[in-house]
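Single-letter residue listing:
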Amino acid sequence: MAGQPIELILARQFGDTLSQAVFLVDPEGNLLFYNEKAEMILGVRFGETGAMSQEVWSKMFHPKDEKGNSLSAEDLPLVQTIKSHKPARGSFYINSATGERHLLNVTSIPIEGRPHRFLGAMALFWNSVE
Amino acid sequence: MMKIKVWGCRGSLPSPGPENIVYGGNTSCVQIIKDDLCIILDGGSGIQRLGKFISKDVKEIHILLTHLHIDHTMGLGFFQPLYNPNTQVHLWGPATSVEPLLHRLRRYFSPPLFPVRLNELPNHPEIHEIGDSEFSIGPLKFKTSYIGHAGPTLGYRVVDGNKTFVYMPDHEPSLASVDFPNLPEWTSGYDLAKDADLLFHDGEYTPEEYRTKIGWGHSSMNDAIHFGRVCGVKKLAIFHHDPLNSDQQLEKIFDEAMEKESPSFDVSLCKEGDIYEI
């Protein structure tokens, strides 16, 4: 594995210190890290999943809208941020790995390093258990 | 083969005096000697003396700045080749998202900090903004990356054939790491320093001092050794000596760090005037 840029190292370290859920991906959408709060919501520890491609993580928790329709990867704020390099937000339901249904409110932001290098994105999310 | 000569390895502030005879008092300046190239890393107070030894016939000089803190730039205005109309100086330094390097350099080259402006020099220096970059000067290949220090700061990896020199005079990897000194890929500067033949690295503090200065952008000698170990370097030379430390104090801190860490690679304290060959 190649060394990560300083901005992603600091983003991961920052996310690790927060008590709200954080999900960090690289410019291709590959999962790099999620923190303890995200582990609680997703029902699986980062150490168990390790890094995952966007294709895997975007389907793993079966995201659905309020009517129960399955969402595609492109409907997820974090994937939108990866494509647009702009912030995005949205709400949707997931099934955690332990079978709990959560309503997630997600805000995703691009990570741009000096000088204007797109390095990935970070999603912060809040949940309510249904 | 390249030679690396230390013209200044003191951190933060020049510290001349009888108690600092061995390691020197000038701030960061290192010369890379290769064929007839003139390449200088950082323009701290050490560059003033270096300038006196550069022939007036040298046509081209490259000064590569890690960052623009004053201890890395304060010597530039006193570097005599800048006033030689036959010499073209190239200034390389970190790009930001906000302000061009030229504008940031002009802050130093203007009153009240300095009487001479850049556009009053016989030859305006050629400015090169770099970030996560790769480029060549003569046969030397350079790779640069942003590293963990306050403000935009670069580390340099210089490759000559199969030999590698890495320069990170100001670096705090224990803060810019997910689990220092583990997870090398998640440690600032790892890609630059990996398997280097020679690494110059920040080692300003004792571990006790570092605990009260976290986030200031510098490392303890012990963390410099940890970083050298995690990167698999062959030789580490500790740089950026605290201006408050005398020769005697530096050697005491160094001996304690070596005893505690027992590195399996060569570690030394940089001295002004030292020449390393790789």
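Residues numbered from 1 in each chain as written. Chains lettered and ligands numbered in written order. Predicted model: local features only at pLDDT ≥ 70, side-chain atom pairs only at ≥ 80, totals over all residues.

- Looking at an unreviewed UniProt entry, one finds chain B named MBL fold metallo-hydrolase and attributed to Algoriphagus sediminis.

- Under an unreviewed UniProt entry, the name given to chain A is PAS domain-containing protein, and the organism recorded is Algoriphagus sediminis.

### Section: the overall build of chain A
Step number 1: Secondary structure summary: chain A contains five helices and five strands in total.
Step number 2: When the helices and strands of chain A are placed in sequence order, the string is α-β-β-α-α-α-α-β-β-β.
Step number 3: Against the globule reference of 14 Å for 130 residues, chain A gives a C-alpha radius of gyration of 14 Å, in line with a compact fold.
Step number 4: Each principal axis of the C-alpha atoms in chain A carries an extent, and together these give about 40 × 30 × 25 Å.
Step number 5: By residue count, 34% of the 130 residues in chain A fall in the buried class.
Step number 6: When contacts within chain A are restricted to residue pairs at least 6 apart in sequence, long-range pairs at least 24 apart make up 47% of them. (Helix = DSSP H or I, 4+ residues; strand = E, 2+ residues; numbered from the N terminus. Rg over C-alpha atoms; globule rule 2.2 N^0.38 Å. Buried ≥ 20, exposed ≤ 12 C-beta atoms within 10 Å, placed from the backbone. Contact = placed C-beta atoms within 7 Å.)

### As for the nonpolar core
Burial of nonpolar side chains together is a common tendency in soluble globular proteins.
Step number 1: Ranked by size, the top nonpolar core spans 95 residues in total, and within it Phe23(A), Leu24(A), Leu78(A), Val166(B), Ala193(B) and Ile238(B) carry the most contacts.
Step number 2: Not counting residues up to four positions away in its chain, the partners in contact with Ala193(B) are Val166(B), Met168(B), Leu199(B), Cys231(B) and Val233(B). (Core = buried A, V, L, I, M, F, W, Y, C linked by C-beta atoms within 7 Å.)

### Quick look at the UniProt feature "domain: Metallo-beta-lactamase" (unreviewed entry) in chain B
Step number 1: The positions that UniProt labels "domain: Metallo-beta-lactamase" (unreviewed entry) are, in the present scheme, residues 26-218 of chain B.
Step number 2: Along residues 26-218 of chain B one finds 12% helix and 30% strand; the C-alpha atoms at either end are 18 Å apart. (UniProt positions renumbered as here; feature names shortened; annotations may be inferred.)

### Quick look at the interface of chain A and chain B
Step number 1: On the side of chain B, 17 residues touch chain A, which itself brings 15 residues to the contact.
Step number 2: Per element, the largest residue contribution to the side of chain A that touches chain B is five residues, and it comes from helix H1 (residues 6-17) of chain A.
Step number 3: Of the residues belonging to the side of chain A that touches chain B, the class tally is seven nonpolar, five polar and three charged. (Nonpolar A, V, L, I, M, F, W, Y, C, P; charged D, E, K, R; others polar.)

### Regarding unusual backbone geometry
Step number 1: Following Pro111(B), the chain continues into Pro112(B) via a peptide bond in cis, with omega recorded as 5°.
Step number 2: Secondary-structure assignment places Pro112(B) in the loop between helix H2 (101-108) and strand S6 (126-130).
Step number 3: Phi at His62(A) is positive, roughly 50°, even though this residue is not glycine.
Step number 4: The backbone of Ser262(B) shows a phi angle near 40°, a positive value even though the residue is not glycine.
Step number 5: Structurally, the position occupied by Ser262(B) is in the loop between helix H6 (247-261) and strand S13 (266-269).

### Here's the deal with the UniProt feature "domain: PAS" (unreviewed entry) in chain A
Step number 1: Here, the residues flagged by UniProt with the feature "domain: PAS" (unreviewed entry) are residues 16-65 of chain A.
Step number 2: Helix makes up 40% of residues 16-65 of chain A and strand makes up 18%, while its end C-alpha atoms are separated by 29 Å.

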